Amino acid sequence: MQQEGLVLKALGQVYNVLTDKGELQCTLKGTMRTKDISTTNPVVVGDRVLVSTSSTEDNVITEVKQRKNYIIRQSKKLSKQYQIIASNIDEVFILVTISHPKTHNTFVDRILTTAEAYGINACLIFNKADIYNEEERAEVEERMDIYDTLGYDCISVSLLNDKDEPALQKLCKNKVTLLCGMSGTGKSTLINLLIPGLNRKIGAISDAHQKGIHTTTFSEMLPLPAGGFLIDTPGIQEFGIADITKYELSQYFREMNHFRANCKFNSCMHINEPGCAVIKAVEEGEIALSRYESYLSIFHNEASEEKRYK
Ligand SMILES: Nc1nc2c(ncn2[C@@H]2O[C@H](COP(=O)(O)OP(=O)(O)OP(=O)(O)O)[C@@H](O)[C@H]2O)c(=O)[nH]1
Ligand SMILES: [Mg+2]
Ligand SMILES: [Zn+2]
């Protein structure tokens with residue numbers, strides 16, 4: 001018998017798939033390959049799959065339905081092998097902390113760029129409001145202002161306090177939401193707040209490094225009580241820019257779209273070209289300097305000369 005399901009957990013050889021008949025443990029058909037990209041893992045959490053079930057043999061995943069989107073990371077730096085982290089994502093929650101640990105704007109902007117490229121909505125969750133001094137609170141305001149103006153949902157919370165829970169529940173209800181954020185920013189704390197009874201291990205921050213200790217070990221889709229799922233990607237704080245070229249990069253910076261058309265050269269990449277309207281907008285304060293710095297950083301370090309796959 002064939003039935004459809006949703007991959008909740010991928011544990012190497014064994015996959016937990018949610019079907020009408022409940023959660024089934026499945027294996028993979030030996031010959032299955034992902035067509036579009038060279039990956040080390042053909043089936044990932046978030047995949048919609050066909051499962052063949054019988055009373056005498058193992059349940060086998062026979063087909064992966066076309067993905068709406070997926071996020072990847074390079075298995076090894078500079079290698080051509082990619083690992084898909086998760087697929088069919090509606091939204092990313094980016095946990096941001098001003099201190100303990102400090103989340104830099106480039107970290108946030110890198111995730112936003114990828115999210116933009118894959119048509120995934122993004123929401124910035126500024127956490128640990130309880131520990132900030134006046135200066136840090138001002139920084140939260142300032143950074144929220146930048147992203148709010150760009151049209152990204154922003155919320156300031158303290159996850160230690162459950163008064164923020166209803167607002168957070170609302171943001172992820174009936175969606176597939178991927179959590180990202182540097183180690184120690186509160187991803188596991190957020191999961192515990194939104195999914196009572198799960199009791200995820202919370203890693204205490206080691207003061208020496210002001211970094212959290214990675215406590216979880218495999219990607220997983222966690223059902224939310226009110227509908228929808230959270231995707232926890234332990235050890236993966238962000239995802240790659242792998243398939244974005246230098247030429248198209250500025251498209252994924254929302255605010256640059258207003259100005260790009262006015263650059264003197266059609267092929268302008270907004271680095272040092274004469275008559276660049278984007279650079280002018282940065283100089284005039286119409287584009288936040290931190291965003292332009294992130295653009296330059298991605299342009300020089302990660303964006304490719306041409307598409308790497310497809
Ligand atoms: N003061 C304060 N501490 C918080 C808050 N949210 C989380 N923490 C603490 O921050 C530390 C790290 O939280 P985790 O939820 O383990 O962070 P994580 O993002 O899951 O970290 P990794 O699993 O290492 O990626 C824990 O000691 C939490 O108790 C908050 O709003 N305020
Ligand atoms: Mg964690
Ligand atoms: Zn330009």
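Residues numbered from 1 in each chain as written. Chains lettered and ligands numbered in written order. Predicted model: local features only at pLDDT ≥ 70, side-chain atom pairs only at ≥ 80, totals over all residues.

Asker: I tried to follow the overall build of the chain on my own but got confused; where do I start?
Answerer: The helix and strand tally for the chain stands at 7 helices and 13 strands. Long-range contacts, defined here as pairs at least 24 residues apart, represent 65% of the contacts in the chain between residues at least 6 apart. (Helix = DSSP H or I, 4+ residues; strand = E, 2+ residues; numbered from the N terminus. Contact = placed C-beta atoms within 7 Å.)

Asker: I'm lost on the nonpolar core in this one. Help?
Answerer: Most often, soluble globular proteins keep nonpolar side chains buried together rather than apart. Counting residues in hydrophobic clusters, the biggest one holds 73 residues, and the most contacted among them are V7, V92, I94 and I231. Filtering out sequence-adjacent residues up to four positions away, V7 remains in contact with Y15, V17, V43, V44, V45, G46, D47 and V49. (Core = buried A, V, L, I, M, F, W, Y, C linked by C-beta atoms within 7 Å. Buried ≥ 20, exposed ≤ 12 C-beta atoms within 10 Å, placed from the backbone.)

Asker: Can you help me understand the pairing of strand β5 (residues 59-64) in this one?
Answerer: Side-chain positions along a regular strand alternate between the two faces of the sheet. Two elements, strand β3 (residues 22-28) and β5, share 3 bridges in a ladder whose sense is parallel. Bridge pairing in β5 links L28 to I61. In this structure, strand β4 (residues 48-52) lies alongside β5, joined through 4 bridges in antiparallel fashion. Its bridge partner lying in β5, L50 is registered against E63. Linking β4 to β5, which pair antiparallel, is a turn of 6 residues. (Pairing = 2+ DSSP bridges.)

Asker: Where do I start with helix α4 (residues 187-194) in this structure?
Answerer: Within an α-helix, residues lying three or four positions from one another point in the same direction, as the helix has 3.6 residues per turn. Taken across its 8 residues, α4 has 6 buried, putting it largely inside the fold. Looking at the packing, one finds that the buried side of α4 touches β8 (91-96), α3 (165-172), β11 (176-181), β12 (220-223) and β13 (229-232).

Asker: Would you mind showing me how to read unusual backbone geometry here?
Answerer: A negative phi angle characterises most non-glycine residues, just as the trans form characterises most peptide bonds. Residue P101 is reached from H100 by a cis peptide bond, and omega for that bond is -5°. You will see that K128, though not glycine, has its phi angle at about 70°, which is positive. Topologically, K128 is positioned in the loop between β9 (121-126) and α2 (134-149). Although it is not a glycine, N174 sits at a positive phi angle of roughly 60°. Within the fold, N174 resides in the loop between α3 and β11. Judged by the 11 C-beta atoms lying within 10 Å of it, N174 is exposed.

Asker: Which parts of the structure should I look at to understand the pairing of β8?
Answerer: Burial runs high along β8: 6 of the 6 residues are buried. By the alternation rule, side chains of β8 split into E91, F93 and L95 and V92, I94 and V96, which are all buried. Note that β8 and β9 share 6 bridges and pair parallel. Counted as the bridge partner of I94 is L124 from β9. For the crossover that starts at β8, traverses helix α1 (residues 105-117) and ends in the parallel β9, the hand is right-handed. Where β8 meets β11, 5 bridges bridge the pair, whose relative direction is parallel. Residue pairing in the sheet places V92 in a bridge with L178 of β11. (Right-handed = clockwise from strand over helix to strand, strands pointing away.)

Asker: What is the right way to read the packing of α1 against helix α7 (residues 289-301) from this model?
Answerer: Any two packed helices are characterised by the angle at which their axes cross and by the distance between the axes. The N-to-C vectors of α1 and α7 enclose an angle of 70°; their axes lie 9 Å apart at closest approach. Our classification of the angle between α1 and α7 gives roughly perpendicular. In the packing of α1 onto α7, the handedness of the crossing is right-handed. Residues N105, T106, D109, R110 and T113 of α1 form the contact with α7, whose participating residues are S290, R291, S294, S297 and I298. (Axes fitted to C-alpha atoms, helices over the stretch in contact; angles between N-to-C directions. Parallel < 35°, antiparallel > 145°, perpendicular 65-115°, else oblique. Left-handed = near helix turned anticlockwise from the far one by under 90°.)

Asker: I'm lost on the environment of A303 in this one. Help?
Answerer: Its location among the elements puts A303 in the segment after α7. Judged by the 22 C-beta atoms lying within 10 Å of it, A303 is buried. For the pair A303 and K246, spaced 57 residues apart in sequence, the C-alpha separation works out to 5.1 Å.

Remember that the coordinates give geometry; whether it matters functionally is a separate question.
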